[in-house]
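Each chain, letter by letter, is given below.
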Protein chains: 2
Amino acid sequence: MSDNKWVYAFGPKNCDGDASMRNLLGGKGANLAEMASIGLPVPPGFTITTEVCTYYYDNNETYPQELKQQVLDCLKEIEQQTNLNFANAANPLLLSVRSGARASMPGMMDTVLNLGLNDEVVAGLAESSGDPRFAYDSYRRFIQMYSDVVLEVDHDLFEDILEDAKQSANVEEDTELTGDDLKQLVIQFKQLVEQESGDVFPQDPHEQIWGAIGAVFKSWMNQRAITYRRLNQIPVSWGTAVNVQAMVFGNLGDDCATGVAFTRNPSTGSKEFFGEYLINAQGEDVVAGIRTPFPLTKMSSGGNGRSMEEKMPKVYKQLDDVRRKLEIHYKDMQDLEFTVQKNTLYMLQTRSGKRTAEASVTIAVDLANEGIITKKEAINRIEPESLDQLLHPTLDPNAPKQLLIRGLPASPGAASGEIVLDADTAEAIANQGRKVILLRVETSPEDIHGMHAAAGILTARGGMTSHAAVVARGMGRPCVSGAGELRIDIEAGRVFMGSEELAKGDIITIDGITGQVFKGQVATIKPQLSDAFATLMKWADAERRMLVRTNAETIEDTRVAREFGAEGIGLCRTEHMFFDADRIVSMREMIIADSKEGRSIALSKLLPMQRGDFISLFEIMSGLPVTIRLLDPPLHEFLPHTDEELADVAKAAGVDMETARARALRLAESNPMLGHRGCRLAITYPEICEMQARAIMEAAVEVSKKSAPPIPEIMIPLAATAREIEICKEIIDRVAQQVMKDFGQKIDYLVGTMVELPRAALKADDLAGLAEFFSFGTNDLTQTTLGISRDDAGSFLRDYSEAEIYPVDPFISIDVEGVGMLIEMAAQKGRKIRPNIKLGICGEHGGDPRSISFCETMKLDYVSCSPFRVPIARLAAAQATIKLNS
Amino acid sequence: MSDNKWVYAFGPKNCDGDASMRNLLGGKGANLAEMASIGLPVPPGFTITTEVCTYYYDNNETYPQELKQQVLDCLKEIEQQTNLNFANAANPLLLSVRSGARASMPGMMDTVLNLGLNDEVVAGLAESSGDPRFAYDSYRRFIQMYSDVVLEVDHDLFEDILEDAKQSANVEEDTELTGDDLKQLVIQFKQLVEQESGDVFPQDPHEQIWGAIGAVFKSWMNQRAITYRRLNQIPVSWGTAVNVQAMVFGNLGDDCATGVAFTRNPSTGSKEFFGEYLINAQGEDVVAGIRTPFPLTKMSSGGNGRSMEEKMPKVYKQLDDVRRKLEIHYKDMQDLEFTVQKNTLYMLQTRSGKRTAEASVTIAVDLANEGIITKKEAINRIEPESLDQLLHPTLDPNAPKQLLIRGLPASPGAASGEIVLDADTAEAIANQGRKVILLRVETSPEDIHGMHAAAGILTARGGMTSHAAVVARGMGRPCVSGAGELRIDIEAGRVFMGSEELAKGDIITIDGITGQVFKGQVATIKPQLSDAFATLMKWADAERRMLVRTNAETIEDTRVAREFGAEGIGLCRTEHMFFDADRIVSMREMIIADSKEGRSIALSKLLPMQRGDFISLFEIMSGLPVTIRLLDPPLHEFLPHTDEELADVAKAAGVDMETARARALRLAESNPMLGHRGCRLAITYPEICEMQARAIMEAAVEVSKKSAPPIPEIMIPLAATAREIEICKEIIDRVAQQVMKDFGQKIDYLVGTMVELPRAALKADDLAGLAEFFSFGTNDLTQTTLGISRDDAGSFLRDYSEAEIYPVDPFISIDVEGVGMLIEMAAQKGRKIRPNIKLGICGEHGGDPRSISFCETMKLDYVSCSPFRVPIARLAAAQATIKLNS
């Protein structure tokens, strides 16, 4: 308990604390002390530590006994430094009392300004300042704030009286009220307090100070603060500090001012002093927007003479010095608050400034180039997720919008287009050059062409990792999923969004970053990747240990991923290649065939198409590894839904409708996720595996003729036993040998397996006897380990999140305790049997920074993610390496 | 390689082997040696070891170089002992050559008799025996067998010639052919051999012997043998031995005979000499059924003078002595083959006799009571699964039957009844006192009342652990599931079974032990449990460490289980209680309600019903633990399928049809197994958990007034995190405290969880901090660990079994390597945190003997299984304890 030291002074003359004491003094207190200690002009004050807050709640809302005297001592010190007197009408000292927690909790807790005023002191202040209007305005503001915060008198009641006063005085603005008006208002305010609280407004400034301190501590447990802490995972045990500081006034005349500033531009990151100020005003006036503030710099004002640089050149110069000093001192862009009282600059706050993703990158790279931080620090400064904003078009924040409904922010970016309710129409309209948003209850693999054609996708069901979400992210299409208030009446072509009724053809805009859906067209901004971005990624690549691959199977996705720096394909989902109109019929023919011969005929039609697919991918990923997963989904996913389509298929397969229908029905499953899929297909229909192995090897041979040979990594999905791998590997190796012999060309290839079932992880030593690589399929591994179908989780995951059952959505970030334990077991067991086994991750988690950090601790060889997440993964992997080695 | 000793002699004079050398000599060879060594009359011979078979296949089908001389030496020994000469017309020695593997492989491999005959020797034999018919009959049989087995000449070709010969001779039976007829036949047979094989029939007896030995070794790799080994899990590496033995003849006149016998009655187990014999016949005649054999004992023949006891009293006496000697020696009922040649008894085989389950129990108990074996040995003698036959009605094996189709033997017992296609009709017709078989594509919880009303259940889809199978076993109803050839046309009321078309109302019979479905009514036998059964169970109970509970929720099931010896309920599935007509409406009302208030109203209607259910169970299980699982299945399982029903529900819930339909639709899930179920229901709808906790505690209070208080064990299903248990336990404890306070009655209860998700097992230490017991829900744990939906596994599990991916169906017997590893982890981690944590298993595996054995090694406290499996589990648990302690 720090030798019973509960209070830390700060100010130009004496400073007990510094910036490193954030835990004890809170962010604001620590920074005030730090600024004072490096010689910046900070009004003197003191901080009551967070330990007092803890003591207060541990001891039935009482204070440590030493506290009172320590506060009085500090108060005396302030009086001495300011030459003012607290609780004295002659030269009165007024105080501000503010909360200040370890982590920033903006607006969550309470503040009292102008404390120390009473009926007597206000008169003295009027006299000492020579400005009665200022004195009574300060008093009425104090009564209002103190009564609201400490005495719990409703804030609005004061506003009502203020409104009445303005009407009586026949004025519009508070500032137009005279000193006498305000004096009268003070009387009314005090009456209101007595009426509401049953007691007179406290006239003893010492009583006021303890009232305010108590209110700050109490505010730590108010509902807003509790909710904010829960949402931001701030432990209740941290507590808040209380900062008591001499008031300075920016509203004592035209040689006074107040303002807020960023040391660099928080939107673009460019190196310019960015901020606003108001002459003769109090800080809250800038924030409240009652008067329009002016820019700080001449450049920003366009030289109209209103900037601080022009109006108060000397103080501005002083402030600009402070800016430089703070940036070098804190090694980061700062967010400042200042007040000028009679041409004297006072710093009231500094903290790390919030900024856009673009600014974040620019500032970090600039700071590193300026030698203020290291490259590693620059890398660590960027929240990888935030890069998403840079890669996708975003809504123009200034455009007018009408919000219809909200869903989940499933795939970033924004898009506008006509409402379309089915994939075929989406494709048809898009082919006419019109933009469409595809609306579905949920999407299935059959919608792929429509999703590809659409500018964006909106679904009523499904979570962050639903089919729609995964595929949209893979394609880089904006997507809002699981919009519960969306109802679709396909027959009638009508759509209900909340209370609005729309029809197909109506224009809507979706924002995949926020999950919002707007009526009509909302303007978007298409981002350009900056030089700073390129520099940062270069630095990150130099640091990271893990490779970054991509999950891709289309030419477009593969190309995008390669441009974003993907170092190979970690997951090519071959099934996605079968949904094109010219292929689906052959695919269905194979499924309906129901005999090995029938299937072989259909497969022979698919072979050249598959080979062509692989040739394209191998060319783009020339010389890089390409992991190809054998056919994975249950066959019924490919089946037609209409009788017409079924008739086509029956004809192609040479069976009657009855047989085709019976076969289709027999394929229906209760739990397709756990059904006849993955390598189970290869075991029951080895000819499918054979065809795919042949297509891969023939494509590899073909590409080797012209460019660097690809490294096919053939992946067996959903294996749970070594025997399954043995059977599939035998087929693959046999076909591979045959192709290599027939073409007289050797191809280096690997055969491995996806580890996506708990049993595969448990028996990883067995599997590693045959598998040359493991790729952790964490989507399915999460589903099976936790027993949660991601498609169905929407109905309870929100309750689960609120009940804090899973700290983060386990489909977004790996459940390290559960799923992570299996990954660790599998990695250890796999390496024990095959020390050089290649390990990677290809689930959605491969693009999630937290999960990537976990992968680094597991020493995986690579992560694989959707194309648009490749830069995020590169940065996250670099951060993970730095973290592990630091 | 046993000092290069490849051949072991046996016979009255010298015996190299004994019964302990089964692995080296095969079962037959070892037992022949053993019989000879204890002084029983065994014709001399020798065994070529299984190691020669291994050598043969390891060395490109060649023999060890020492083999030839060792065989010749043994042959000489036989000649000396028999005073006969091999390959010599004067007093010729004939040989039998038979296979004999380590494990019995009946009919799987080849046998040659009468080896050593040729044109010259046969003439000598005719002379020495004074019976040309005998000699030529022996020769033609030899040619036929040898040509079939060694020369691969089709057996049927010989039969054709034989038929022609009988027609020419104008006789019906082989035995009516004269010596001359047979002599002629031999000529024709030899011509056939030359014609088919391109070579004359080998006249050199030494060539013959090596031909026959080679054929036996080759037969180890024939298709029948390979298939048999696969089905019975016999490793190919075991190999077969070859037994060469002097022939003895039971067909040399009326002082000769041959027969087979069991030392006790293999059907009933009663202590009587049971067998048949034929005078003047060869062994194969008894088996082939060409002549009707007579019983051995006077008692069995009814004293008609034809029994061996009457006809050959002296030899019979000798045989009866052998019988006693063998039983005491082998300590088990034996299956014997013997031949009497000119009043001399020869023993040709002894082995443990196959028997019915009933006989098995009686014999084991009798042998123990006779002091031949110990009680523990008696317990170990019984295959627990076999008890199933004793507990359910079975088809009369003698009744005529017409097989329609086959499915899986899902629930034992047999039943006949009218075909009914839906549950309601099943109930209605059953209420009229008529027997029905309920046919469904697959069953759902809504069919329960129909399944209960039905005499048996037949489904087209679903495996051994499908809903139909599990529920039927639980109810003790016979069930055949997954009958792939069954097609149901519900609209037309027609049913297709293979090529047969039937209609509702037609009578069929199902056999749940074999999975067969028969046309019409087939007579059944209702078993009576014997005194021996009761004795055996008493002995087993004295040995076993684990308790045996039952999975039951109806009064009937609970009562049956209690009668079968269940020591509590291990799993009461509360959801099954909600399907009765008077409850389902309230249940649906709750589901449709969509607000906490609406749900509470509906739940208040369900409370008294649930309380009543629990009172009944607690009364039957008075003083015993009753584990009650909170509501588990996804709510949509309870929803109505017709508009009419939905309208009822909407009315009850006070909502319009549109709302009801929307709510119903929203509950549909892609993978219900991994959906909104288990404790996820309690987390989202805590009021359901509250109602159930209240019903349990109020029932416990009620029952405590009259009888021994029950020990409710409240089980939280599908938990994966400690937090879920914390939330549910808080509700349960709160309600329990309230009820106990309100009624002034203390009830000892436990709160625990089902461990049925991999994560629960991985985090068992966390869970055990709160859970007072774990019950392993191995059905779901298997589904999630292996990623296999048991309802959908039918489409590939057969291929999986054939490919030996899982050695046994993991839904029948615990996958020890995978799921077992999780159970072990969970048990260890759970006990680390809570050393006295109660551990049990309540999945279907709780009734599977292999799995029970695994549970014993895990030291679980109890197993729980369906009522009809309780005796099986009691026995299996006893065996497991004995095994682990031995």
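No experiment lies behind these values; they were computed from the predicted model shown. (Residues numbered from 1 in each chain as written. Chains lettered and ligands numbered in written order. Predicted model: local features only at pLDDT ≥ 70, side-chain atom pairs only at ≥ 80, totals over all residues. Heavy atoms only, no water.)

(A) Highlighting the relation of the copies chain B and chain A. When chain B is fitted to chain A, the best match, at an RMSD of 0.4 Å, comes from turning it 179 degrees and sliding it 0.2 Å along the axis. The superposition of one copy onto the other is thereby described by a two-fold rotation axis. Among all residues of chain B, the minimum C-alpha distance to the rotation axis is found for N671 of chain B, at 2.0 Å. Interface overlap between copies is the fraction of interface residues in one copy that are interface residues in the other; for chain B against chain A it reaches 100%, indicating a shared surface. (Least-squares fit on C-alpha atoms with pLDDT ≥ 70 in both. Contact = heavy atoms within 4.5 Å.)

(B) Fine view of the sheet that holds strand β12 (residues 344-352) of chain B. Within the open sheet, the five strands sit side by side as β10-β9-β8-β11-β12 (chain B). Their pairing is antiparallel. The outermost strands of the open sheet, each flanked by one partner alone, are β10 (294-295) and β12 of chain B. (Pairing = 2+ DSSP bridges. Helix = DSSP H or I, 4+ residues; strand = E, 2+ residues; numbered from the N terminus.)

(C) Molecular detail of the interface of chain B and chain A. With 51 residues of chain B at the interface, the matching set in chain A holds 51 residues. Across the chain B to chain A interface the summed buried area is about 4400 Å²; carbon plus sulfur atoms make up 55%. Of all residues in chain B, N671, L674 and R759 of chain B bury the most surface against chain A, accounting for 14% of the area lost on that side. Joining chain B to chain A, the criterion identifies four salt bridges. Scanning the region where chain B abuts chain A turns up 26 residue pairs in polar contact (both at pLDDT 80 or more). Contributing elements (two or more residues each) for the side of chain B that touches chain A: α25 (657-666), α26 (679-684), α28 (722-743), α29 (758-762), α31 (778-786), α32 (794-802) and α33 (819-833) of chain B. (Buried area = accessible area lost by both parts, 1.4 Å probe. Salt bridge = Lys/Arg side-chain N within 4 Å of Asp/Glu carboxyl O. Polar contact = N/O pair within 3.5 Å; in protein donor to acceptor, adjacent residues only side chain to side chain.)

(D) How the structure looks around the sheet that holds strand β24 (residues 516-519) of chain A. All names here are of chain A. Read across the open sheet, the eight strands follow the order β14-β24-β23-β16-β17-β18-β19-β15; overall the sheet is mixed. The sheet is open, and its two edges are formed by β14 (403-406) and β15 (408-411), each paired on a single side. Shown here is a sheet whose adjacent strand axes are inclined to one another by a mean of 30 degrees, direction ignored. Sheet analysis places strand β23 (residues 507-511) next to β24, joined by four bridges and oriented antiparallel. Looking at β24, one finds that T509 is bridged to F518. Against the sheet, helix α17 (residues 423-431) contacts β16 (414-420) and β17 (436-440), and its axis sits at roughly 180 degrees relative to β17. (Axes fitted to C-alpha atoms, helices over the stretch in contact; angles between N-to-C directions.)

(E) Representation of the pattern of salt bridges within the structure. Residues and elements named next belong to chain B. Considering all chains together, one arrives at 105 salt bridges over all chains under this definition. Across the salt bridge formed by D332 and R355, the nearest N and O atoms sit 2.9 Å from each other. Residue D332 is located in the loop between α13 (313-330) and β11 (334-341), and its partner R355 is located in the loop between β12 and α14 (357-369); the two are separated by 23 residues in the primary sequence. Since its relative accessible area comes to 25%, R355 is described here as partly exposed. One salt bridge connects E589 with K605, and the closest N-O pair in it is separated by 2.9 Å. Taken together, the residues span a long stretch of sequence, with E589 in helix α22 (residues 581-593) and K605 in helix α23 (residues 596-620) at a distance of 16 residues. (Buried < 20%, exposed > 50% of the residue type's maximum accessible area, 1.4 Å probe, protein only.)

(F) Geometry of the packing of aromatic side chains. Residues and elements named next belong to chain A. Scanning the model with the defined rule gives 38 aromatic pairs over all chains in all. Here the aromatic rings of Y56 and Y63 are separated by 5.3 Å at their centres, their planes lie at 25 degrees, and the arrangement is stacked. A network of ring pairs unites the aromatic residues Y56, Y57, Y63, W210 and F217 as a single cluster. The ring of W220 has R229 lying over it, and the distance from NZ or CZ to the ring centre is 4.1 Å. If you follow R549 out to its NZ or CZ, it ends over the ring of Y862, 3.7 Å from the centre. (Phe/Tyr/Trp six-rings, centres within 6.5 Å; stacked < 30°, edge-to-face > 60°. Lys NZ or Arg CZ within 6 Å of the ring centre and 35° of its normal.)

(G) Seen up close, the pairing of strand β33 (residues 862-865) of chain B. Residues and elements named next belong to chain B. The alternating pattern of β33 places Y862 and S864 and V863 and C865 on opposite faces, both of which are buried. Pairing geometry for strand β26 (residues 547-551) and β33, over four bridges, is parallel. Each residue of the ladder has a partner; that of R549, found in β33, is S864. Here strand β32 (residues 838-841) runs beside β33; their pairing, made up of two bridges, is parallel. Opposite G840, over in β33, you have Y862 as the bridge partner.

(H) Up close: α31 of chain B. The element α31 of chain B is largely enclosed, with a buried count of nine among its nine residues. Downstream of α31 of chain B by a residue or two, G787 of chain B has a phi angle that is positive, lying close to 65 degrees.

(I) Layout of helix α4 (residues 119-129) of chain A. All names here are of chain A. If you check which residues of α4 are buried, you get V121, V122, G124, L125 and A126. Against β4 (92-93) and α5 (132-149) lie the buried residues of α4. Looking one or two residues beyond α4, the residue adopting positive phi is G130, at roughly 65 degrees.

(J) The arrangement of a nonpolar patch on the surface in detail. Residues M221, I226 and V236 of chain A make up a contiguous nonpolar surface patch of about 220 Å² in total accessible area. Within the secondary structure, M221 of chain A is located in the loop between α8 (205-219) and α9 (223-231). (Patch = residues over 30% accessible without salt bridge, like charges linked within 9 Å, V, L, I, M, F, W, Y side chains within 5 Å. Areas by Shrake-Rupley, 256 points an atom, 1.4 Å probe, with all protein chains shown as cover.)

(K) Just the pairing of strand β1 (residues 7-10) of chain B, in detail. All names here are of chain B. Of the two faces of β1, the one lined by V7 and A9 and the one lined by Y8 and F10 are each fully buried. Note that β1 and strand β2 (residues 45-48) share four bridges and pair antiparallel. Bridged to Y8 within β2 is T47.

(L) Examining the side chain of N118 of chain A more closely. Residue and element names in this part refer to chain A. Along the chain, the position of N118 falls in the loop between β6 (111-115) and α4. Separated by 2.6 Å, the side chain of N118 and the backbone oxygen of Q203 make a polar contact. Beyond its immediate stretch of four places on either side in the chain, N118 contacts Y139, Q203, P205 and Q208.

(M) Representation of the confidence of the model for chain A. When pLDDT is averaged across chain A, the result is 91; 98% of the residues are at 70 or more. Model confidence for the complex: the whole-complex pTM is 0.81, and ipTM, which rates the interface, is 0.81. (pLDDT = per-residue confidence, 0-100.)

(N) A look at the packing of α4 of chain A against α5 of chain A. All names here are of chain A. Packing of α4 against α5 leaves a shortest axis separation of 7 Å and a crossing angle of 145 degrees. Pair α4 / α5 crosses with right-handed handedness. Across from D119, V122, A123, L125, A126 and S129 in α4, the residues of α5 making contact are P132, F134, A135, Y136 and Y139. Of the residues contributing to the contact of α4 with α5, the split by class is nine nonpolar, one polar and one charged. (Left-handed = near helix turned anticlockwise from the far one by under 90°. Nonpolar A, V, L, I, M, F, W, Y, C, P; charged D, E, K, R; others polar.)

(O) Representation of a negative patch on the surface. Residue and element names in this part refer to chain A. Judged by side-chain charge, D148, E152, D154, D156, D160, D164 and E196 come together as a negatively charged surface patch. Among the elements that make up the negative patch, the one with the highest residue count is helix α6 (residues 155-169) (three residues). In this fold, E152 is placed in the loop between α5 and α6. Residue classification places E152 among the exposed positions, given a relative accessible area of 69%. (Lys, Arg positive; Asp, Glu negative; His and termini not counted. Charge placed at Lys NZ, Arg CZ, Asp CG, Glu CD.)

(P) Fine view of the environment of D799 of chain B. Residue position: D799 of chain B is located in helix α32. For the pair formed by D799 of chain B and P686 of chain B, sequence separation is 113 residues and the distance between their alpha carbons is 44 Å.

(Q) Representation of unusual backbone geometry. All names here are of chain B. Even without glycine at this site, N60 takes up a positive phi of about 55 degrees. Structurally, N60 can be placed in the loop between α2 (50-58) and α3 (67-82). Classification of N60 by relative accessible area gives exposed; the value is 70%. The backbone of N114 shows a phi angle near 65 degrees, a positive value even though the residue is not glycine. Structurally, the position occupied by N114 is in strand β6 (residues 111-115).

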